[in-house]
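Coordinates in review
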Amino acid sequence: MFSGKGHGARNSPCSWTVNFLAFLLILAASLLSTGCTVVEHVGIALLYMKAPFPDAQVKYDVPYVEHSLLAKQRLDLFLPKGKNWPVFIFIHGGNWDAGDKGLRVGGEDVYGNIGRFYAARGVGVAVISYRLQPAVNWHEQVKDVAAATAWVHAHIAEYGGSPHRLFLGGHSAGAQLACHVALDPKPLAEYGLSPAIIRSVISVSGAGLDLADQKTYDLGAKRAFYTARFGSKDPRESWQQEASPVSYVTSNAPAFLILYAAGESKALQRQSQRLSEVLERERVPHRLVVVPGQSHERMVLTLSRPDRTSAGAILDFIFETAQKNFEAQPVSGMTHVDPGS
């Protein structure tokens, strides 16, 4: 997750937006201790590949909450030609307190590039912003993602997309918010909807997926970091379960694609593994892809590279899942890819 304003962890998940980009600008300074560490211009120069797509097929700053004037409650739509195409709703990361759909790094629009990349290949994309902590709490962030999902479901047919082929996903903190909306029935229920409208979930380097998992903390995750974001104003011990998407997994959950980088911290890897374990226990179809040669921060840049495993895995999953009846057979297991992918 990059962070940024206006257009837009290791042990702490994802403000790699902020830290990742900042660290990159410094280019040779010391590693940032709070999370995502990379070097901005170096990462962009090595991994960013601008995806060509007509700007006329992009709708910017569409409000997804009626009567809201907030910039954080808007989304950008990347619209393929044709009809009935699947739709990927993408949620940025940023430690729950940073980031924006319009984030630019070294002048390049990181999340907009994801939109262009998939839309050019026949997948509509809605890249959303959402309100950030500490201005709102995590419950309100989940509500924003649910509102955006409900808006896409209600309106995407007007643009040619299929409301029955929605894929909800994100990176780091964004993956956690996506999983919440896809697994907990309460957020979408406010719109008279259920998670059944979501065809599948794409979790990329998810953080905070199981906040009650002791092994994650044993591996180095900072409990205080998560307490500040999810439990600081909640005296109940149950906040860890309530804020954890894995708590809501049932056998009726949508299919999942889970990706994480082999270069991530063991604590962050553990979170994706925990999600896979719980899905496996409930016999929910899922696919786990471990990507060597990448880090937590760089993973988001690989999502819009045609020559990288992450993008190929997502495209394959979307097109396979859009047609498949997953009740017939599970799609589970771990896929390893070649280093450098």
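Look up: the structure comes first, before these words.
Anyway, here's the lowdown on the structure attached to this text. Predicted model only: the values in this text are computed from it and were never measured. (Residues numbered from 1 in each chain as written. Predicted model: local features only at pLDDT ≥ 70, side-chain atom pairs only at ≥ 80, totals over all residues. Heavy atoms only, no water.)

What follows covers the overall build of the chain. Looking only at helices and strands, the chain features 12 helices and 11 strands. Within the chain, the fraction of its 341 residues that count as buried is 62%. (Helix = DSSP H or I, 4+ residues; strand = E, 2+ residues; numbered from the N terminus. Buried < 20%, exposed > 50% of the residue type's maximum accessible area, 1.4 Å probe, protein only.)

Applying the stated criterion to the full structure yields 10 aromatic pairs. Ring plane angle 80 degrees and centroid distance 5.0 Å describe the contact between Trp-96 and Phe-230, whose orientation is recorded as edge-to-face. Separated by 134 residues along the polypeptide, Trp-96 in the loop between strand S3 (85–91) and strand S4 (104–105) and Phe-230 in helix H8 (residues 223–231) bring together distant segments of the chain. The class for Phe-230 is buried, based on a relative accessible area of 4%. Among the aromatic residues, those joined into a cluster by ring pairs are Phe-88, Phe-90, Tyr-111, Phe-117 and Tyr-118. Between the NZ or CZ atom of Arg-121 and the centre of the ring of Phe-117, over which it lies, the distance is 3.8 Å. (Phe/Tyr/Trp six-rings, centres within 6.5 Å; stacked < 30°, edge-to-face > 60°. Lys NZ or Arg CZ within 6 Å of the ring centre and 35° of its normal.)

Another aspect to go through is the pattern of salt bridges. Applying the stated criterion to the full structure yields 18 salt bridges. With a shortest N-O distance of 3.2 Å, Arg-287 and Glu-320 are connected by a salt bridge. Here Arg-287 is found in strand S10 (residues 286–291), whereas its partner Glu-320 is found in helix H12 (residues 309–323), with 33 residues between them in sequence. Bridged by salt links that share partners, the residues Asp-210, Asp-213, Arg-270, Arg-274 and Glu-277 form one connected network. (Salt bridge = Lys/Arg side-chain N within 4 Å of Asp/Glu carboxyl O.)

The buried fraction of strand S9 (residues 255–261) is high, at seven of seven residues. A two-sided burial pattern is seen for S9, the buried positions comprising Ala-255, Leu-257, Leu-259 and Ala-261 on one face and Phe-256, Ile-258 and Tyr-260 on the other. Strand direction decides the pairing type here: strand S8 (residues 198–204) and S9, joined by five bridges, are parallel. Bridge pairing links Val-204 to Leu-259 in S9. Across six bridges, S9 lies against S10 in parallel orientation. Within the sheet, the bridge partner assigned to Leu-259 lies in S10 and is Val-289. For the crossover that starts at S9, traverses helix H10 (residues 266–281) and ends in the parallel S10, the hand is right-handed. (Pairing = 2+ DSSP bridges. Right-handed = clockwise from strand over helix to strand, strands pointing away.)

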